[in-house]
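The residues making up each chain are set out below.
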Amino acid sequence: MALSDKFYQAGFDAMRARNFVEAEENFKTALSYKHDHSKALLQYGLLLQNQKHDFEAAVEVWRGGAEGMLKNKYHVQMLCCLSVVLTKIYEDYDSAERYYRLALETDKDHVNSLVNYGLFLATIRQDYEQAALMLKRAIRADPHRTKINNGGYLLQELLSRKAPEKVKVEG
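Residue numbers here run from 1 along each chain, matching the order of that chain's written sequence. In view of the model being predicted, local features appear only for residues whose pLDDT reaches at least 70, and side-chain atom pairs are presented and counted only at 80 or more, with totals across whole chains, interfaces and linings using the full set of residues. The side-chain numbers reported here are obtained from all heavy atoms of the structure, hydrogens and water having been left aside.

Caption draft 1: Region of the structure containing the packing of helix α7 (residues 111-123) against helix α9 (residues 150-162). Every axis in this analysis is a line fitted to C-alpha atoms, fitted for helices over the stretch in contact. Angles between the N-to-C directions lie between 0 and 180 degrees. Starting at the N terminus, helices and strands are each numbered in turn, a helix being any DSSP run of H or I of at least four residues and a strand any DSSP run of E of at least two. Close contact between α7 and α9 brings their axes to 9 Å; oriented N to C, the two are set at 30°. What the angle tells us is that α7 and α9 run roughly parallel. The way α7 lies across α9 gives a crossing that is left-handed. Between α7 and α9, the contacting residues are Val115, Gly118, Leu119, Ala122 and Thr123 on the first element and Gly151, Gly152, Leu154, Leu155, Leu158 and Leu159 on the second. Under the grouping applied here, Gly and all other residues not named as nonpolar or charged are polar, the nonpolar ones being Ala, Val, Leu, Ile, Met, Phe, Trp, Tyr, Cys and Pro and the charged ones Asp, Glu, Lys and Arg. When its residues are assigned to classes, the contact of α7 with α9 shows 7 nonpolar, 4 polar and no charged. Roughly parallel refers to an angle under 35 degrees, roughly antiparallel to one over 145, roughly perpendicular to one between 65 and 115, and oblique to any angle outside these ranges. Here a crossing is taken to be left-handed if its near helix is turned anticlockwise relative to the far helix by less than a right angle, and right-handed if that turn runs clockwise. Pairs of residues are marked as contacts when any of their non-hydrogen atoms sit within 4.5 Å.

Structural data, given as structure tokens:
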């Protein structure tokens, strides 16, 4: 196992144990060995966002990894997290949309990105037709709705009230 992976795992374990100082140290060390370690970038950004409430640092970490990283499920989730923070905290809608699109170019069936981009389209752009399309794609990608979180149900409810004529969601 590579050193970067060992430090990432130690950081992840520390985070699960709610030892956030140790987790941060390990994620930083993992990234010092491999600057584009996708799992470490994702988890370190989440720690900064959720535990330290340092949104600016989280955005910096995620933006640093957003462009040149190996494209995998952790990269896509990182892009989705970045888009959510850019939308909700910074109101940087154009950048958020760009990262949502990049996430979906990488994985067209990433349920979390589809749902969150759908919410973005409905609430920020008022593009209910495209929002409905994102919800339908999310349901197709997750027919048993095991990955569709509360955001998916919120989007479905929002669309049924705002644009019922455009939304016919099965299931």
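Let us keep going from here.
Caption draft 2: Seen up close, helix α2 (residues 20-33). Between its first and last C-alpha, α2 extends 20 Å over 14 residues, near the 20 Å set by a 1.5 Å rise per residue. Tucked inside the fold, the buried residues of α2 contact α1 (3-16) and α3 (38-50). In this scheme, a helix's expected span is set at 1.5 Å multiplied by one less than its residue total.

Caption draft 3: Examining the packing of aromatic side chains more closely. Working definition: a ring pair exists when centres of Phe, Tyr or Trp rings (six-membered ring for Trp) sit within 6.5 Å. Plane angles under 30 degrees give stacked, over 60 give edge-to-face, the rest tilted. Here the structure, examined in full by the defined rule, presents 7 aromatic pairs. Every member of this aromatic cluster is reached through a ring pair, and the members are Tyr93, Tyr100, Tyr117 and Phe120. Look at NZ for Lys and CZ for Arg. If either is within 6 Å of the ring centre and within 35 degrees of the ring normal, a charge sits over the ring. Seen from the ring of Tyr99, Arg98 lies directly overhead, with NZ or CZ sitting 4.5 Å from the centre.

Caption draft 4: Inspection of the nonpolar core at higher detail. Judged by nonpolar contacts, the single largest core of 55 residues is most densely connected at Phe27, Trp62 and Leu159. It is helix α5 (residues 73-88) that contributes the most residues to this core, 9 residues altogether. The contact partners of Phe27, leaving out residues within four places of it in the chain, are Tyr8, Gly11, Phe12, Met15, Ala40, Gln43, Tyr44 and Leu47. To qualify as a nonpolar core, a set must consist of buried Ala, Val, Leu, Ile, Met, Phe, Trp, Tyr and Cys residues joined through side-chain atoms within 4.5 Å. Note on classification: 1.4 Å probe, protein chains only; a residue is buried when its accessible area is under 20% of the maximum for its type, exposed when over 50%, partly exposed between these limits.

Caption draft 5: Representation of the environment of Leu135. Take Leu135: it is sitting in helix α8 (residues 128-141). Put simply, Leu135 and Tyr117 are 18 residues apart on the chain and 9.0 Å apart in space, counted from C-alpha to C-alpha.

Caption draft 6: Quick look at the state of the cysteines. In this description, the term disulfide denotes a pair of cysteine sulfurs within 2.5 Å. Applying the stated criterion to the full structure yields 0 disulfides. Free of any disulfide, Cys80 has its nearest neighbouring cysteine sulfur in Cys81, separated by 5.9 Å. Judged by its relative accessible area of 1%, Cys80 falls in the buried class. Overall, Cys81 belongs to the buried group, its relative accessible area being 12%.

Take it as geometry only, folks, not as evidence of what the structure does.
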